[in-house]
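# Topology and contacts: notes
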Amino acid sequence: MRDPLGRPPVVLMVPAFLATLLLVVPLVAMVGATDWAELPDQLRSEPLRQALWLSLTTSTAATFICLVLGLPLAWLLARVEFRGRGGLRAVVTVPLVLPPVVAGIALRTAFGRTGVIGEPLLALTGFAFPFTTAGVVLAHVFVAMPFVVIAMEGALRSADKEYDAAAATLGATRWTTFRRVSVPLALPGILAGLVLGWARSLGEFGATITFNGNYPGVTQTMPNLIYVTRQSDQDAALALSMVMLIVSIGVLLALRDRWLGTP
Amino acid sequence: MQCPRSTLALLVLLLPLAGCGSGDDESGAQGELTVLAASSLTDVYEELATSFEEENDVDVTFSFGSSTDLAEQAADGAPGDVLSTADSTSMQTAEDADVTGEVVDFATNVMVIVTPAGNPAGIESLDDLKGATWVRCADEVPCGKVAQGVLEDNDITAEPASLEEDVRATLDKVVSGEADAGLVYASDAVAAGDDVETIEIAGAEEQLTTYYTTTLEQSEDAELAQKWTDLLTSEEGGAALTEAGFALP
């Protein structure tokens with residue numbers, strides 16, 4: 001069928017093709033290098049099931065926290081004029097550019113046993129984040145929140161502010177407008193932001209291992225398990241990576257069909 | 001961005017500068033020696049490099065990392081003149097790929113307990129680990145295997161709070177005060193200086209870690225590479241290693 005807008009230009013098609021190659025070739029190569037006979041053994045192993053379960057639960061918990069805390073922040077950035085808004089937006093994006101290990105060190109300085117918040121917390125409650133599952137969730141929230149907030153802010157911005165104004169003229173409070181107008185209009189973007197945050201959280205490695213260490217069933221997420229396994233057994237590490245790849249793609253596809261409604 | 005064209009031009013002009021920034025420090029050195037070495041050798045190797053550079057009029061560059069990683073890289077033909085590992089298994093990887101020359105053992109290391117300065121949890125021996133927040137290397141990495149051996153020899157069943165990916169990560173958890181104690185090599189304890197207190201483990205020398213070094217086949221200057229091995233086994237090398245907390249085989 002002829003596209004009424006004309007044929008896609010070569011200048012765009014060539015780079016688009018190269019981009020696809022760049023993304024697909026390493027993954028295909030990994031699939032090719034995997035020793036599939038190893039896979040059933042890995043699937044039965046206790047460390048794998050513990051790590052996979054921990055990864056899925058901590059990422060989901062982190063995504064939920066990102067929604068509860070991040071959506072209001074995204075709304076604030078998108079809808080409220082105030083001094084220092086540009087500064088706040090910049091601060092929100094900083095964790096995006098931090099190397100994950102640095103994020104881990106930053107978290108430790110704040111929430112570690114001798115940290116600014118961690119020390120009084122330990123003295124008051126006897127609880128410390130490092131080496132706990134709660135610490136893993138905290139690290140995930142820290143690295144995933146910027147993605148979630150930026151995506152949600154973009155979605156809220158593109159939903160026209162005029163609708164908010166119309167709701168206000170009809171007597172709606174800002175809270176009602178937020179719930180009944182802004183959020184429903186931006187919903188696809190908000191969900192996309194959550195999926196992005198979840199995916200980022202699932203792959204999180206550096207901050208978790210620096211801040212929380214690595215112990216099976218408590219802080220050993222899939223990326224941690226893959227990393228330490230690779231130290232002694234490359235084939236097993238590849239098989240684990242494959243499990244993680246399949247699970248992540250499966251979840252993303254399921255969400256895409258169900259929620260995002262994109263073909 | 002007001003004028004993307006001039007920004008682009010500026011970038012193009014700056015690119016070659018970025019290339020010049022690294023590497024050449026115009027020391028006028030004759031050659032170059034590239035050493036792939038286990039991270040625990042970092043401090044002592046850097047110290048030895050200073051005199052080596054002066055004596056032989058060369059630049060020494062290092063790639064420090066886990067022995068397993070480096071041996072695999074060397075086996076894959078990564079450029080380098082010398083490979084030094086903290087265990088025999090990874091050296092075997094390189095030997096199997098036929099990239100090694102003569103393999104020499106030049107140092108040993110023993111496991112110790114370290115605690116943060118002031119020893120807040122009052123750890124005095126392996127027995128005190130029970131109930132404390134302590135860390136060691138994961139079973140998959142060499143230092144974890146050694147730690148496991150030491151704990152078994154002493155019938156210790158206490159569970160660590162974390163199994164770290166390498167010995168420096170283990171040390172880091174103790175130095176930062178997140179862990180009450182950690183099992184690391186004596187040389188790491190020396191490297192951490194006043195940040196940690198060191199407690200020797202009785203019978204730890206039963207689980208000795210041995211360091212191996214070799215010249216690599218891909219070396220462009222085998223004679224120079226051999227000189228590094230000679231330095232390690234010389235009196236000067238031995239003194240530097242002992243100073244850094246290693247023992248000699």
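Computed from a predicted model, the values in this text were never measured in an experiment.

## What about the overall build of chain A?
The number of helices and strands found in chain A is twelve helices and zero strands. Listed by position from the N terminus, the elements making up chain A come as α-α-α-α-α-α-α-α-α-α-α-α. Projecting the C-alpha coordinates of chain A onto the three principal axes gives extents of approximately 70 × 65 × 30 Å. Within chain A, buried positions represent 36% of all 263 residues.

## A short note on the nonpolar core
Counting residues in each nonpolar core, the largest one holds 50 residues, and the members touching the most others are B:M111, B:V112 and B:V114. Of all the elements, helix α12 (residues 234-260) of chain A adds the most residues to this core, at six residues. Apart from the residues within four sequence positions on either side, B:V112 is in contact with B:V184, B:A186, B:A189, B:T198, B:I199, B:E200, B:I201 and B:A204. Listed in part, the 39 residues of the second largest apolar core include A:A78, A:V149, A:I150 and A:A192.

## Remarks on the confidence of the model for chain B
All names here are of chain B. In the predicted model, chain B carries a mean pLDDT of 86, and 88% of its residues have values of at least 70. Taken as a whole, residues 13-27 scores under 50 in pLDDT and shows one contact with residues more than four places along the chain or in a different chain. What the predictor reports for the complex is a pTM of 0.80 with an ipTM of 0.76.

## Looking at the pairing of strand β1 (residues 31-38) of chain B
Residues and elements named next belong to chain B. When you tally the buried positions in β1, you get six out of eight residues, the bulk of the element. Note that β1 and strand β2 (residues 58-65) share eight bridges and pair parallel. Counted as the bridge partner of T34 is T61 from β2. Following the chain from β1 across helix α2 (residues 42-56) to the adjacent parallel β2, one finds a crossover that is right-handed. Where β1 lies against strand β3 (residues 82-85), three bridges are found, and the strand directions are parallel. Directly across from L36, in β3, lies its bridge partner L83.

## Looking at the sheet that holds strand β10 (residues 209-215) of chain B
Strand pairing in a sheet relies on backbone hydrogen bonds. The paired strands run either parallel or antiparallel. Residues and elements named next belong to chain B. Pairing in this open sheet of five strands is mixed, and the strands run β2-β1-β3-β10-β4 from one edge to the other. Taken across any chain shown, the strands that pair with only one partner, and hence form the sheet edges, are β2 and β4 (104-109). The sheet shows a mean angle of 20° between the axes of neighbouring strands, taken without regard to direction. Strand direction decides the pairing type here: β4 and β10, joined by five bridges, are antiparallel. Among the inter-strand pairings, T108 is bridged to a residue of β10, identified as T210.

## Considering the domain arrangement of chain B
The accessible area lost on association of the parts is a frequent measure of interface size. All names here are of chain B. Under the domain assignment, chain B is made up of domain 1 (31-108 + 210-243) and domain 2 (111-207). The distance between the C-alpha centroids of domain 1 and domain 2 comes to 27 Å. Looking at side-chain class alone, the side of domain 1 that touches domain 2 contains one nonpolar, four polar and two charged residues.

## Regarding the packing of helix α3 (residues 67-75) of chain B against helix α4 (residues 88-96) of chain B
All names here are of chain B. Contact pair α3 / α4: the axes reach a minimum separation of 8 Å and the direction vectors enclose 5°. Classified by the interaxial angle, the pair formed by α3 and α4 is roughly parallel. Here S67, T68, A71, E72, A74 and A75 of α3 come into contact with α4, specifically with S90, M91, T93 and A94.

## Examining the interface of chain A and chain B
The interface is formed by 16 residues belonging to chain A together with 16 residues belonging to chain B. Of all the elements, helix α11 (residues 222-230) of chain A adds the most residues to the side of chain A that touches chain B, at three residues. When its residues are assigned to classes, the side of chain A that touches chain B shows six nonpolar, eight polar and two charged.

## A word on the pairing of strand β5 (residues 111-116) of chain B
All names here are of chain B. The buried count for β5 comes to six of six residues, which makes it a mostly enclosed element. Alternating positions in β5 separate into two faces, M111, I113 and T115 on one and V112, V114 and P116 on the other, with burial throughout. The sheet contact formed by β5 and strand β8 (residues 181-185) spans four bridges and is antiparallel. Note on β8: the bridge partner recorded for V114 is G182. Of the pairings in the sheet, the one linking β5 to strand β9 (residues 196-200) comprises five bridges and is antiparallel in character.

## Brief notes about the sheet that holds β8(B)
All names here are of chain B. Strands sit in the order β7-β6-β8-β5-β9 across an open sheet of five strands; the sheet is mixed. Here the strands that pair on one side only, and so sit at the sheet edges, are β7 (162-164) and β9. Ignoring which end each strand starts from, the neighbouring axes of this sheet average 35° apart. In the packing of helix α6 (residues 167-175) onto the sheet, contacts are made with β5, β6 (134-137), β7, β8 and β9, and the angle to β8 comes to roughly 145°.

## Side note on the packing of helix α5 (residues 100-111) of chain A against helix α7 (residues 133-158) of chain A
Residues and elements named next belong to chain A. Contact geometry for α5 and α7: axes closest at 11 Å, N-to-C directions at 125°. Comparing their axes, α7 and α5 come out oblique. α5 and α7 meet at a crossing whose hand is right-handed. Here P100, A103, G104, L107 and F111 of α5 come into contact with α7, specifically with L138, A139, F142 and V143.

## Side note on unusual backbone geometry
Residues and elements named next belong to chain B. Although it is not a glycine, D98 adopts a positive phi angle of roughly 60°. Relative to the assigned elements, D98 resides in the loop between α4 and β4. Even without being glycine, N119 reaches a positive phi, approximately 40°. Along the polypeptide, N119 turns up in the loop between β5 and β6.

Cut-offs and rules
All residue numbers refer to position in the chain's written sequence, counted from 1. To label them, take the chains in the order written and letter them from A, then take the ligands in the order written and number them from 1. pLDDT decides what is reported in this predicted model: residues at 70 or higher carry local features, side-chain atom pairs at 80 or more are listed and counted, and totals for whole chains, interfaces and linings draw on all residues regardless. Numbered from the N terminus, helices here are DSSP runs of H or I no shorter than four residues, and strands are runs of E no shorter than two. Burial in this document is a count-based property: other C-beta atoms within 10 Å of a residue's C-beta are tallied, and the residue is buried at 20 or more, exposed at 12 or fewer, or partly exposed in between, with C-beta positions derived from the backbone. For the purposes of this analysis, a nonpolar core is taken to be any set of buried Ala, Val, Leu, Ile, Met, Phe, Trp, Tyr and Cys residues that are connected through C-beta atoms within 7 Å. We call two residues in contact whenever the C-beta atoms placed from their backbones are within 7 Å. Values of pLDDT, ranging from 0 to 100, describe the predictor's confidence in every residue of the model. DSSP calls a pair of strands paired once it identifies at least 2 bridges connecting them. Note on handedness: a clockwise path from strand one over the helix to strand two, with the strands aimed away from the viewer, defines a right-handed crossover. Axis angles are defined between N-to-C directions and span 0 to 180 degrees, where every axis is a line fitted to C-alpha atoms and, for a helix, only to the segment in contact. Domain start and stop positions are those given by an automatic or database domain assignment. We call Asp, Glu, Lys and Arg charged. Ala, Val, Leu, Ile, Met, Phe, Trp, Tyr, Cys and Pro are nonpolar, and the rest, Gly among them, are polar. Orientation categories follow fixed angle ranges, with anything under 35 degrees roughly parallel, anything over 145 roughly antiparallel, 65 to 115 roughly perpendicular, and all other angles oblique. In this scheme the handedness of a crossing depends on how the near helix is turned from the far one: anticlockwise by less than a right angle means left-handed, clockwise means right-handed.

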